Structures are given as C-alpha cells and as structure tokens.
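Okay, here's what each chain looks like letter by letter:
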Amino acid sequence: ADVEQARKQFRKVDEIPFSSKNKWQVSLHVDESTQEQHLLMKGAPERVLDRCTHIMNKEGAIVPLDSLQLDQISRAIYELANKGERVLGMCSRIMHSSELSYRHSPSEGTSTSPDHNPLMEKMGDMIFLALVSLSDPV
C-alpha cells in the first residue's frame, strides 16, 4: 500500500503523544471516504490490553477477548521479551462521527495533555490487533 495515499485517506485529527507515564500513544484518524473515525493505540502490551474487550482473530473476525487468548498473548510477550525484543501492543476502535467532533488538524493544535483530551473517555472497548516486536540495535 502507498503510505502517502493512506495518510491522505486516513487524515490524523488528534493524538495523545507517548509518555513514559502512560506507556502508550493514541491517534484519531478520519477515513475521508466513509467519515468513520479510527482510534488507534500502541504501547506497552499490558496497557493496551487493559483497554481491550475484543480481539481480531486470524480470520479477521472480531470476537470477545477471553482468558485463553490473554494467556496466549502473555506467553508470546514473555517469549519475545526473553529474546531481547521490545514488544508493543496495538489496538483500535472505529467510532461513529457523532461520538467526537473535530474541526482541526493536528498542525492547528491538538490537546497534548491526556488529562484534558476527549479521546481519554473513548479509549475503552477497543479491539486488540497485534503484538509487534522490535530489536534494539546493539
């Protein structure tokens, strides 16, 4: 997929930057073709999982997140971390246009304080998507 085309189609309208306190980063994107709002979160897997109630399975279906899946994810995190990998969790939520209304783009000034950002109250019932591991350069 063309990155520039994806950025144009999914315009970023707000974000809460990563902080060492929260251990996650959140951004809100509007799909220009459907006007759906996509809330995306990445960060420490345990922090991401705390916000998730569902998971996207291998077939792409959204199903409730259960204890068996949480155990499998925890084992994967442990195995990757034991190999020296840095592990991130990723989740998302599609919101209807009535849930949040934005009239600006990030370059026009967004709320960077999580305490005062309306995204904070929307960061529940999210869908766990994936774990990503990164090798730190030696």
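Residues numbered from 1 in each chain as written. Predicted model: local features only at pLDDT ≥ 70, side-chain atom pairs only at ≥ 80, totals over all residues. Heavy atoms only, no water.

## Structural notes on helix 3 (residues 67-82)
Piece 1. With 16 residues, helix 3 should reach 22 Å at 1.5 Å per residue; the first-to-last C-alpha distance of 22 Å fits that figure.
Piece 2. Every buried residue of helix 3 is accounted for by Gln69, Ile73 and Ile77. The buried residues of helix 3 occupy an angular sector of 75° when the element is viewed end-on, so they sit on one face. Among the exposed residues of helix 3, those pointing more than 90 degrees away from its buried face are Ser67, Leu68, Tyr78 and Asn82.
Piece 3. Those residues of helix 3 that are buried lie in contact with helix 2 (45-49), strand 4 (52-56), strand 5 (62-64), strand 6 (85-95) and strand 7 (126-135).
Piece 4. The residue sitting at the N-terminus of helix 3 and contributing the capping side-chain oxygen is aspartate 66; that oxygen lies 3.1 Å from the backbone nitrogen of leucine 68.
Piece 5. Within two residues after helix 3, glycine 84 carries a phi angle of roughly 85°, on the positive side. (Helix = DSSP H or I, 4+ residues; strand = E, 2+ residues; numbered from the N terminus. Expected span 1.5 Å × (residues − 1). Buried < 20%, exposed > 50% of the residue type's maximum accessible area, 1.4 Å probe, protein only. Arc of directions from axis to C-beta. Contact = heavy atoms within 4.5 Å. Polar contact = N/O pair within 3.5 Å; in protein donor to acceptor, adjacent residues only side chain to side chain.)

## Quick word on the pattern of salt bridges
Charged atoms that come close allow side chains of opposite charge to pair.
Piece 1. Tallied over the entire structure, the rule returns 3 salt bridges.
Piece 2. Here arginine 7 and glutamate 4 are joined by a salt bridge, their closest N and O atoms 3.4 Å apart. One end of the pair, arginine 7, and the other, glutamate 4, are both in helix 1 (residues 3-9), 3 residues apart, so they sit about a helical turn from each other. (Salt bridge = Lys/Arg side-chain N within 4 Å of Asp/Glu carboxyl O.)

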